[in-house]
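Read off the chains here:
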There are 2 protein chains.
Amino acid sequence: MSPSPSPSAADAIRVAVSAVIFSLRAHPGADKLMIPLVRRTRDPHEGMWALPGGWLDETEGLDEAAARTLAETTALTPSYLEQLYTFGDVDRSPTRVVSVVYWALLRSDLVDAQRSVAGAPENVEWFDVDALPPLAFDHNRIAGYALWRLRNKVGYSRIAAGLLPDEFTLTELRAVYESVLGRRLDPSNFRRLLEGSEALVPTESFRTGKHRPARLFRYNADAETDKRGPLD
Amino acid sequence: MSPSPSPSAADAIRVAVSAVIFSLRAHPGADKLMIPLVRRTRDPHEGMWALPGGWLDETEGLDEAAARTLAETTALTPSYLEQLYTFGDVDRSPTRVVSVVYWALLRSDLVDAQRSVAGAPENVEWFDVDALPPLAFDHNRIAGYALWRLRNKVGYSRIAAGLLPDEFTLTELRAVYESVLGRRLDPSNFRRLLEGSEALVPTESFRTGKHRPARLFRYNADAETDKRGPLD
DNA sequence: CCAAAAGTGTTACTTCTACACCCATGG
DNA sequence: CCATGGGTGTAGAAGTAACACTTTTGG
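Along each chain, residues carry numbers from 1 onward, in the same order as the chain's sequence is written. To label them, take the chains in the order written and letter them from A, then take the ligands in the order written and number them from 1. Thresholds applied to this predicted model are a pLDDT of at least 70 for local features of residues and 80 or more for the giving and counting of side-chain atom pairs; totals over whole chains, interfaces and linings are not thresholded and use all residues. To get the side-chain values, take all heavy atoms of the structure and skip hydrogens and water.

Within an unreviewed UniProt entry, the label attached to chain A reads ADP-ribose pyrophosphatase, and the organism entered is Microbacterium album.

Now for the protein's contact with DNA strand D. Near DNA strand D there are 18 residues, and of these Thr 171 and Arg 191 of chain A together with Ser 188, Lys 210 and Arg 212 of chain B occur at the shortest range. Of all atoms in DNA strand D that approach within 4 Å of the protein, 58% are sugar or phosphate atoms. For DNA strand D, a base oxygen lies 2.6 Å from a polar atom in the side chain of Arg 212 of chain B. Helix numbers and strand numbers start at the N terminus; a helix is a DSSP run of H or I with at least 4 residues, a strand a run of E with at least 2. Sorting the residues of the surface near DNA strand D by element identifies α5 (187–195) and β10 (214–219) of chain A together with α5 (187–195) of chain B as the ones contributing at least two each. Residues are labelled near a given molecule or strand when at least one of their non-hydrogen atoms is within 4 Å of it. In the analysis that follows, any N or O atom pair within 3.5 Å is treated as a polar contact, provided that within protein one partner can donate a hydrogen and the other can accept it, and provided that, for residues neighboring in sequence, both atoms belong to side chains.

The next point concerns the protein's contact with DNA strand C. Around DNA strand C there are 18 residues in total, and Ser 188, Lys 210, Arg 212 and Pro 213 of chain A together with Thr 171 of chain B lie nearest to it. Per the 4 Å cut-off to the protein, sugar and phosphate atoms form 63% of the nearby atoms of DNA strand C. At 3.4 Å, a side-chain N or O of Arg 192 of chain A approaches a base nitrogen of DNA strand C. Counting residues per element, the ones that place at least two in the surface near DNA strand C are α5 of chain A together with α5 and β10 (214–219) of chain B. The residue classification treats Ala, Val, Leu, Ile, Met, Phe, Trp, Tyr, Cys and Pro as nonpolar and Asp, Glu, Lys and Arg as charged. All others, Gly included, are polar. Grouping the amino acids of the surface near DNA strand C by side-chain chemistry returns three nonpolar, seven polar and eight charged.

Further remarks concern the sheet that holds β10 of chain B. Residue and element names in this part refer to chain B. In this description, strands pair whenever DSSP reports at least two bridges between them. The three strands lie next to each other as β8-β10-β9, forming an open sheet whose pairing is antiparallel. The outermost strands of the open sheet, each flanked by one partner alone, are β8 (167–169) and β9 (200–207). On average, adjacent strands in this sheet sit at an angle of 40° to one another, irrespective of strand direction. Across five bridges, the pairing between β9 and β10 is antiparallel. Among the inter-strand pairings, Arg 207 is bridged to a residue of β10, identified as Ala 214. The contact criterion used throughout is that any non-hydrogen atoms of two residues lie within 4.5 Å. Angles here are taken between N-to-C directions and fall from 0 to 180 degrees, while the axes themselves are lines fitted to C-alpha atoms, restricted in helices to the stretch in contact. Lying over the sheet, helix α4 (residues 170–181) contacts β8, β9 and β10, oriented at roughly 85° with respect to β8.

Residue and element names in this part refer to chain A. It is at 9 Å that the axes of helix α3 (residues 139–156) and helix α4 (residues 170–181) come closest, and there the two elements cross at 140°. With respect to each other, α3 and α4 are oriented oblique. The crossing of α3 and α4 is left-handed. Mapping the contact onto sequence places Leu 150, Arg 151 and Val 154 in α3 and Tyr 177, Val 180 and Leu 181 in α4. Residues belonging to the contact of α3 with α4 are distributed by class as follows: five nonpolar, no polar and one charged. Relative orientations are named as follows: roughly parallel for angles under 35 degrees, roughly antiparallel for angles over 145 degrees, roughly perpendicular for angles from 65 to 115 degrees, and oblique for any other angle. The crossing is said to be left-handed when, going from far helix to near helix, the turn is anticlockwise and less than a right angle, and right-handed when the turn is clockwise.

Residues and elements named next belong to chain B. Examined bridge by bridge, β8 and β10 share three bridges and lie antiparallel to one another. Paired with Glu 167 across the two strands is Arg 218, which belongs to β10. Where β9 folds back onto β10 in an antiparallel hairpin, the turn is made up of six residues.

What follows concerns the sheet that holds strand β8 (residues 167–169) of chain A. Residue and element names in this part refer to chain A. Read from one edge to the other, the open sheet built from three strands follows the order β8-β10-β9, with strand pairing classed as antiparallel. Pairing within the sheet leaves two strands with one partner each, and these edge strands are β8 and β9 (200–207). The average undirected angle you get between the axes of adjacent strands in this sheet is 40°. Its contacts with the sheet put α4 on β8, β9 and β10, and the angle it makes with β8 is roughly 85°.

This brings us to the pattern of salt bridges. In the sections that follow, a salt bridge refers to a side-chain nitrogen of Lys or Arg positioned within 4 Å of a carboxyl oxygen of Asp or Glu. Applying the stated rule across the entire model yields 30 salt bridges over all chains. Among the salt bridges present, the one from Glu 60 of chain B reaches Arg 68 of chain B, with a minimum N-O distance of 2.6 Å. Only protein chains enter the accessibility calculation, which uses a 1.4 Å probe; a residue is then buried when its area is under 20% of its type maximum, exposed when over 50%, and partly exposed in between. What makes Glu 60 of chain B buried here is its relative accessible area of 8%. Taken together, the shared-partner salt bridges connect Arg 107, Asp 166, Glu 167 and Arg 218 of chain A into one network.

Right, dumping it as structure tokens:
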């Protein structure tokens with residue numbers, strides 16, 4: 001990239017990829033937004049919780065590495081995956097590490113299925129984003145930034161549907177927004193907003209419960225003109 | 001960052017930092033938004049234009065490296081500097097390079113002063129963002145993304161003032177918005193919008209010209225609650 | 001006095017927001 | 001028939017956009 005042919009042989013900058021993986025997990029009252037953390041089994045910060053991640057392999061791109069990291073932690077494919085930020089302060093780790101961090105959304109139904117079938121992977125636990133323990137490295141800051149970005153993006157984009165199963169009612173989707181944003185939304189205004197946005201496609205099915213059946217909707221992946229860049 | 005102690009010794013992933021540096025340069029009619037490019041003097045894509053950049057040094061953070069890159073190209077300090085994105089596709093360069101890219105705004109008055117005093121640095125030339133030549137590597141894509149981000153951010157933030165000198169009239173600021181966004185804005189609505197935003201502080205000075213003198217304003221760095229994250 | 005930019009005011013229109021109200025179902 | 005969530009309507013507030021109009025300067 002630069003006029004000079006290469007960094008000096010003494011350089012030892014390593015590239016890691018980490019992920020902040022959001023999912024909604026059932027909870028009395030409102031569902032809780034949670035992320036999986038991995039307990040470290042090695043020297044720097046051994047025993048502390050950290051974001052899932054790994055070294056970037058020479059044969060894979062950044063997006064691939066993020067997807068691999070995510071699969072190794074949850075054995076799942078995310079419904080949404082986006083680069084968050086790259087952290088490279090000199091003192092963020094005892095050795096020099098540049099971390100390219102991604103954030104992702106997981107469908108709650110898949111997480112539940114995976115956990116009950118395969119059992120939880122070793123050393124992985126889910127934590128409420130509002131009650132994270134002290135994390136290794138600068139991971140608290142990273143998680144906080146990812147959460148801020150999620151909340152921000154939910155405001156103008158329709159990605160929140162990525163936390164739900166294929167089909168869902170408007171009330172379920174509204175509950176997701178309320179969990180993520182941390183405030184109540186007016187049901188009728190919420191309905192109008194999303195029905196006029198082309199982001200959702202109504203199906204012919206209804207969810208039957210204790211009360212009047214609610215129409216099921218499906219996420220419309222086509223209409224993603226939102227506010228993203230020419231990169232994705 | 002990961003359970004494994006280190007990437008294998010065979011790995012040869014190098015980290016570069018590049019910058020897309022925007023500045024307004026005088027032009028008949030409306031000012032043009034331009035970026036500096038560097039002509040490559042070495043093997044991969046020798047002779048082609050590329051974004052200014054260099055290898056990340058082991059002793060500097062990413063922000064520092066971006067500022068250094070920028071200073072080496074323009075001998076100037078940016079009025080705004082923000083990380084854009086990290087590019088790391090396997091095939092974007094003959095050898096494996098992960099590029100952390102920043103974007104920056106430069107005050108037009110400083111650029112002019114620097115150029116006339118010191119003369120243009122060797123192998124550096126400014127190009128209209130709407131008429132870039134074919135660039136080395138994936139730099140056309142990167143420049144396009146940076147431009148998209150600038151235009152997007154100008155819509156909801158007040159950073160456009162970073163392209164102007166310390167003091168400026170509302171008409172000058174509006175001209176910046178019009179150059180960046182590529183469309184005309186209503187003068188009176190523009191005035192109301194910015195006067196109500198606390199982003200600008202009126203001074204007691206006036207710019208006297210051919211017509212009625214216009215009040216000079218100053219950018220209010222304090223009121224930057226905009227829409228940025230807890231990172232900056 | 002005239003041209004042109006600086007600056008003020010007004011009106012129409014669109015979008016948000018709060019909330020009243022009817023509908024359909026299980027118990 | 002009633003409690004409750006599903007779903008529709010509407011009126012006021014707030015913000016946007018278009019444009020008429022007054023002010024102040026140089027020439």
